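# Architecture and fold: a report
What follows is the residue order along each chain.
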Amino acid sequence: MKDPFPSLLINWYQQNARSLPWRGHLDPYAIWVSEIMLQQTRVDTVIPYFIRWMERFPTIQALAEASEREVLKAWEGLGYYSRARFMHQAAQKVMSDFGGSLPADYNTLRSLPGIGPYTAAAISSIAFNRDCAVVDGNVKRVLARMFAYSLPVNAPAGEKDLQQIANRFLPPGQAGEYNQAMMELGALVCLPRTPNCTSCPLASLCAAFAQNRQAELPVMKDKAAIPTLTVTAAILHQDGKVLIARRPPNGLLGGMWEFPGGKVEAGETLPQALARELCEELGIETEPGLLLGEYHHAYSHFRVKLFAFHTRLLSGQATPLHHPEILWVTPEETSAYPMGKIDRMISRDLIRKEEQHG
């Protein structure tokens, strides 16, 4: 007997799916862009970025031919910048190895930079309707409640089990709609804290609902406490310009531009830490002066409290000892360079102060 679960889900989706700019899109490239942008990012945040991106880079070729700086600037504010760098690299590989057409096959997609198991399954199923089941955070929550799955869903064993469940119920030939329906149900109805079970098309089949266990499922493995790092940054002045440095391509905020500085070590004052970092990174002797501002930002595994100081160059010539590139630019020119959130806040404060004193 055919299980009613997939048909109930797809019928609900066809009547309740949100209208989103990448839905119903015939271009696999657009689906790829949306899937990369939606990783760890809210739909409402992604929509304007997606629209601007498709205007700026309407084809894989346009993306492949763009500079990394242009790509990172278009991505600025979305975070997890390795996603943009990998997509840029993947576009170049699609042009060189696949004639400019995104491959449909799951395993071939996995060979492209930045495309993991979830993204490959999403692109293959949604863009090409290949029979691949996706399992993201929303899908894990739906399945854990549907089947009262009580192991941690964010542990390897849980992820493997839920992938097998998703595969088992995948209706052949309907993978695109089935996957989108699963994710949509998790986003709109089967919410983390307050699931709207009375509106759920699967309520009659849901083990958690029958057992009144919605609040305790899914089970999550405890995450480690998030540390807070104290960091300094310098606004180095020279002839009306300030110094910015491009971060190494690998690692956090790879390829983005920043105001140089670094972490405060045990026993250091903020000015001592900044002077040491500038000596190590740029080979210069400096004197930190007035505080421009204190800035806060949370990343996925840590938080940052950053203090930015106007800084005077005492001796030496700034040399990029740890950065691929440094530049002296006017405060206004910093707007053209892709930056992380804190450095962009510093840039805006600098421009604002200059306008006030101009």
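Keep in mind the model is a prediction, meaning the values are calculated, not measured.

## Focus: the overall build of the chain
Within the chain one finds 14 helices and seven strands. Relative to its 358 residues, the chain shows a buried fraction of 46%. Here the analysis covers contacts within the chain between residues at least 6 apart in sequence; of these, 66% occur between residues at least 24 apart. Looking at the chain as shown, the accessible area adds up to about 17,400 Å², and 52% of this sits on carbon and sulfur atoms. Side-chain charges in the chain split into 35 positive and 36 negative, and the spacing between the mean points of these groups amounts to 6 Å.

## Things to note about unusual backbone geometry
Of note, the bond from L217 into P218 is cis; its omega dihedral lies within 30 degrees of zero at 0°. Mapping P218 onto the fold places it in the loop between α12 (207-211) and β1 (228-238). In this structure, Y80 takes a positive phi of about 45° despite not being glycine. On the accessibility criterion, Y80 (35% relative accessible area) is partly exposed. For N212, which is not a glycine, the phi torsion comes out positive at approximately 55°. By secondary structure assignment, the location of N212 is in the loop between α12 and β1.

## A word on the pairing of β1
Of the strand pairs in this sheet, β1 and strand β6 (residues 303-315) are connected by nine bridges, and their pairing is parallel. For T230, the partnering residue across the bridge sits in β6 and is K305. With three bridges connecting them, β1 and strand β4 (residues 261-263) associate as antiparallel partners. Along β4, the bridge assignment pairs T232 with G262. Sheet analysis places β1 next to strand β2 (residues 241-246), joined by two bridges and oriented antiparallel. Following the sheet pairing, Q238 is matched in β2 by K241. Counting the residues in the hairpin turn of β1 and β2 gives two residues, including D239, whose phi is positive at 50°.

## With respect to the nonpolar core
Nonpolar side chains tend toward joint burial in soluble globular proteins. Within the largest apolar cluster, 41 residues are counted, with the highest numbers of intra-cluster contacts made by F5, L9, L143, Y178, M182 and L185. Aside from chain neighbours lying at most four places away, what touches L185 is L9, W12, V142, C190, C200, P201 and L202. Within the second largest apolar cluster, 37 residues are counted, among which are I36, W53, A66 and L78.

## Focus on the layout of surface pockets
Roughly 570 Å³ of internal volume is contained in the second largest pocket. Lining the second largest pocket are 25 residues, and of these L78, G79, Y80, Y81 and Y299 sit closest to its centre. Mapped onto the lining of the second largest pocket, the elements with two or more residues apiece are α6 (82-97) and β5 (285-298). Take the lining of the second largest pocket: its biggest share by element is four residues, from α6.

## With respect to the environment of N179
By the element assignment, N179 lies in helix α11 (residues 175-188). Taking the C-alpha atoms as reference points, N179 and I60, 119 residues apart in sequence, are found 24 Å from one another. Dropping the residues within four chain positions of it, N179 is found in contact with A121, S125, C132, A133, V134 and L170.

## Some remarks on the packing of helix α8 (residues 117-128) against α11
In contact at an axis separation of 7 Å, α8 and α11 are set at 130° when each is read in the N-to-C sense. What the angle tells us is that α8 and α11 run oblique. The handedness of the crossing between α8 and α11 is left-handed. For the pair formed by α8 and α11, the contact residues are Y118, A121, S125 and I126 on the first element and A175, G176, N179, Q180 and M183 on the second. Among the residues making up the contact of α8 with α11, the classes are represented as five nonpolar, four polar and no charged.

## Things to note about empty space enclosed by the protein
Unoccupied space between atoms shows up once a probe the size of one water molecule is rolled over them. Tallied over the full model, the rule gives one cavity of 30 Å³ or more. Residues belonging to the lining of the largest cavity are distributed by class as follows: 12 nonpolar, two polar and one charged.

## Focus on the packing of aromatic side chains
Inspection of every chain in the model, using the stated rule, returns 10 aromatic pairs. An angle of 85° between the planes, with centres 5.6 Å apart, marks the rings of W53 and W75 as edge-to-face. Note that W53 is positioned in helix α3 (residues 43-56) and W75 in helix α5 (residues 68-75), a separation of 22 residues in sequence. For W53, a relative accessible area of 1% translates into the label buried.

Thresholds applied
- Residues numbered from 1 in each chain as written.
- Predicted model: local features only at pLDDT ≥ 70, side-chain atom pairs only at ≥ 80, totals over all residues.
- Heavy atoms only, no water.
- Helix = DSSP H or I, 4+ residues; strand = E, 2+ residues; numbered from the N terminus.
- Buried < 20%, exposed > 50% of the residue type's maximum accessible area, 1.4 Å probe, protein only.
- Contact = heavy atoms within 4.5 Å.
- Areas by Shrake-Rupley, 256 points an atom, 1.4 Å probe, with all protein chains shown as cover.
- Lys, Arg positive; Asp, Glu negative; His and termini not counted.
- Charge placed at Lys NZ, Arg CZ, Asp CG, Glu CD.
- Pairing = 2+ DSSP bridges.
- Core = buried A, V, L, I, M, F, W, Y, C linked by side-chain atoms within 4.5 Å.
- 1 Å grid on protein atoms, 1.4 Å probe; cavity = no way out; pocket = protein on both sides within 12 Å on 5 of 7 lines; lining within 4 Å.
- Points joined across faces, edges and corners; volume = space filled by probe spheres on them.
- Axes fitted to C-alpha atoms, helices over the stretch in contact; angles between N-to-C directions.
- Parallel < 35°, antiparallel > 145°, perpendicular 65-115°, else oblique.
- Left-handed = near helix turned anticlockwise from the far one by under 90°.
- Nonpolar A, V, L, I, M, F, W, Y, C, P; charged D, E, K, R; others polar.
- Phe/Tyr/Trp six-rings, centres within 6.5 Å; stacked < 30°, edge-to-face > 60°.

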